[in-house]
Structures are given as C-alpha cells and as structure tokens.
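Residue-level structural notes
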Amino acid sequence: VVLQALFQTDLQRGIMAATEWLKPGSTQTVRCKGAALSLLGRHGGKTVTPVILGVARSEPDLKLRARAISALGATNDDSVVDALREFALNSQDQGIVEASLYALSRHTGERAVAVLGDIAINGKMTPIRKIAIANISIRPGEPAVDTLFRIYDADQSLEIRKAVISGFANRKSERAGSRLFEIARSSDNIELRKAAISA
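Described in the following lines is the structure provided in the data block. Each chain has its residues counted from 1, following the order in which its sequence is written. With the structure being a predicted model, the display of local features is reserved for residues of pLDDT at least 70 and the display and counting of side-chain atom pairs for 80 or more, all residues being used for whole-chain, interface and lining totals. Computation of side-chain values covers all heavy atoms of the structure but excludes hydrogens and water.

Summarising the element assignment, Leu64 is placed in helix H5 (residues 62-75). For Leu64, a relative accessible area of 2% puts it in the buried group. Considered as a pair, Leu64 and Leu148 are 84 residues apart in the sequence and their alpha carbons are 32 Å apart. The contact criterion used throughout is that any non-hydrogen atoms of two residues lie within 4.5 Å. The residues contacting Leu64, other than those within four sequence positions of it, are Val30, Lys33, Gly34, Leu37, Val55 and Glu59. In DSSP terms, a helix is any run of H or I states spanning at least four residues, a strand is any run of E spanning at least two, and both are numbered starting from the N terminus. Throughout, exposure labels follow a simple rule: accessible area from a 1.4 Å probe, protein chains only, divided by the maximum for the residue type, with under 20% read as buried, over 50% as exposed, and the rest as partly exposed.

This is the structure:
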C-alpha cells in the first residue's frame with residue numbers, strides 16, 4: 001500500500017523503491033516483490049523493462065518469475081518478445097509457459113503474432129498450443145489470419161487443425177471464410193469437414 005501511494009505521489013521515487021525491492025539479495029517478502037512487479041509493469045514504461053526481465057530470468061521463486069513474465073505484457077515493449085518466446089517454448093514449468101502466453105497476448109505488435117504462431121506450431125504441449133491459437137484468432141488484422149493459415153498448413157494433427165478452424169470462425173474475414181468453405185468441401189478428413197461446416 002505504501003509503495004502504491006509512492007507511485008501515485010512521486011512516480012520516479014516509486015520506480016526507484018520498487019527496483020530496490022527486486023534486486024538480488026533483497027529481504028522483501030514475495031508478496032511485496034509481486035506488488036513491485038505489478039506497479040513497475042503498469043506505470044514504469046519501457047525504462048523498467050530490464051529490471052522486470054532480470055526477475056523473469058533469474059528469480060528462484062517460480063510464482064514470482066511467472067508474475068514478472070506477466071508484467072512484461074503490460075510494457076508492450078517489442079524488445080521482450082524474443083525472451084517471452086524463449087520462456088514459452090523452453091520452460092519446463094507450465095505456470096511460466098502460461099504467463100509467457102498471457103504476456104504475448106497483451107502485446108499489440110505484429111512480431112507478437114508471429115511468435116504466438118511459432119508457439120502454436122512448435123510448442124511441446126497441445127493445450128498450450130491451443131491457447132496460442134485462440135490468442136491469435138482474436139487479434140485484429142490480416143497478419144493474424146496469415147498466421148492461422150500457416151499453422152493449419154504446418155500441422156496434420158486433428159486437435160490442432162480443429163483449433164485453427166475454430167479460430168477461423170472468430171474472424172470477420174473473407175479469406176478465413178473462403179478457407180473454411182474449402183475445408184468443408186474438400187478435406188479428406190470427415191471430422192475437419194464437420195468442424196468447418198459448423199464454423
């Protein structure tokens with residue numbers, strides 16, 4: 001509460017205090033460090049990205065690392081997109097992977113869409129890949145449609161293809177509609193044809 005008040009009255013001092021709380025060797029509680037991360041993510045802008053990224057990479061407490069990764073989404077800073085991709089594709093902890101997807105979903109740049117596409121194609125866990133597809137499907141613009149096309153063409157698994165078909169259904173796009181029609185008419189898999197007709 002004190003830190004939040006400091007952010008409201010003197011932003012620079014708030015940023016300095018939160019940064020101190022997050023330094024290696026800090027004696028602050030996990031709860032206080034979590035609050036510092038949230039406040040930095042919301043109010044610190046791009047200047048605090050290295051601080052949050054440092055916690056995301058090296059904090060021993062996994063929950064705090066996941067919190068730091070989520071906070072990176074609030075910065076909307078393109079410089080963290082590659083790090084988020086790395087966390088999502090290489091972490092063994094599901095909480096870290098989910099936090100990375102959440103952060104990427106909050107990024108508005110085209111680069112984030114491409115990285116979500118990489119995760120949808122190369123991710124280790126099907127549920128995570130499906131979350132990435134769902135995130136892509138609700139993004140505005142044609143790059144999201146291009147990415148859905150790429151995922152559908154790259155993967156033969158029924159579950160992933162059905163997730164992409166569902167993603168096409170979320171689009172207000174003529175191209176997505178044409179692709180659904182094509183799948184419904186000519187796919188050699190009856191389940192995919194049914195899904196496309198339904199979509």
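More follows now that the structure is in view.
Our focus in this paragraph is the side chain of Glu59. Structurally, the position occupied by Glu59 is in the loop between helix H4 (49-58) and H5. Residues counted as positive are Lys and Arg, residues counted as negative are Asp and Glu, and His and the chain ends are not counted. Put simply, a salt bridge is a Lys or Arg side-chain nitrogen that is within 4 Å of an Asp or Glu carboxyl oxygen. We note that Glu59 is buried and unpaired, the nearest opposite charge coming from Lys33 at a distance of 4.1 Å. The residues touching Glu59, leaving out its near neighbours within four places in the chain, are Lys33, Gly54, Leu64 and Arg65.

We now examine the packing of aromatic side chains. Note on aromatic pairs: each is described by the distance of the centres and the angle between the planes. For this analysis, a ring pair means two rings from Phe, Tyr or Trp (six-membered ring only for Trp) whose centres lie within 6.5 Å, classed as stacked if their planes differ by under 30 degrees, edge-to-face if by over 60, and tilted for the remaining angles. Counting across every chain of the model gives two aromatic pairs. Taking the centre distance of 5.4 Å and the plane angle of 80 degrees together, the rings of Phe149 and Phe168 count as edge-to-face. You can see Phe149 sitting in helix H10 (residues 142-154) and its partner Phe168 sitting in helix H11 (residues 158-169), a full 19 residues away along the chain. The same class applies to Phe149 and to Phe168, which are both buried. Among the aromatic residues, ring-to-ring pairing joins Phe149, Tyr152 and Phe168 into one connected group. Charge-over-ring contacts are defined here by two conditions on Lys NZ or Arg CZ: a distance within 6 Å of the ring centre and an angle within 35 degrees of the ring normal. The ring of Phe149 is capped by Arg179, whose NZ or CZ atom sits 5.0 Å from the centre of that ring.

Once that is clear, we can look at the packing of helix H3 (residues 30-43) against H4. An axis is simply a line fitted to the C-alpha atoms; with a helix, the fit covers only the stretch in contact. Between two such axes, the angle follows the N-to-C directions and lies from 0 to 180 degrees. Interhelical geometry of H3 versus H4 gives an angle of 140 degrees and a closest axis separation of 10 Å. Compared by their axis directions, H3 and H4 come out oblique. When you trace H3 past H4, the crossing you get is left-handed. Side by side, H3 and H4 meet where Leu37, Leu40 and Gly41 of the first sit next to Val51, Ile52 and Val55 of the second. Angles are sorted into four bins: roughly parallel if under 35 degrees, roughly antiparallel if over 145, roughly perpendicular if 65 to 115, and oblique for all others. Here is the rule for handedness: rotate from the far helix to the near one, and if that takes an anticlockwise turn smaller than a right angle the crossing is left-handed, while a clockwise turn gives right-handed.

So, on to the environment of Ala144. Inspection of the secondary structure assignment puts Ala144 in helix H10. The buried category is assigned to Ala144, whose relative accessible area is 1%. Ignoring anything within four residues of it in the chain, the contact list for Ala144 reads Val113, Ile136, Arg139 and Arg171.

Time to look at the pattern of salt bridges. All told, the structure shown has 12 salt bridges when counted by the stated rule. Arg129 is the salt-bridge partner of Asp155, the closest N and O atoms lying 2.3 Å from each other. One end of the pair, Asp155, is in the loop between H10 and H11; the other, Arg129, is in helix H9 (residues 126-137), with 26 residues separating them in the sequence. Like Asp155, the residue Arg129 is buried in the burial classification.

On their own, these measurements won't tell you what the molecule is for.
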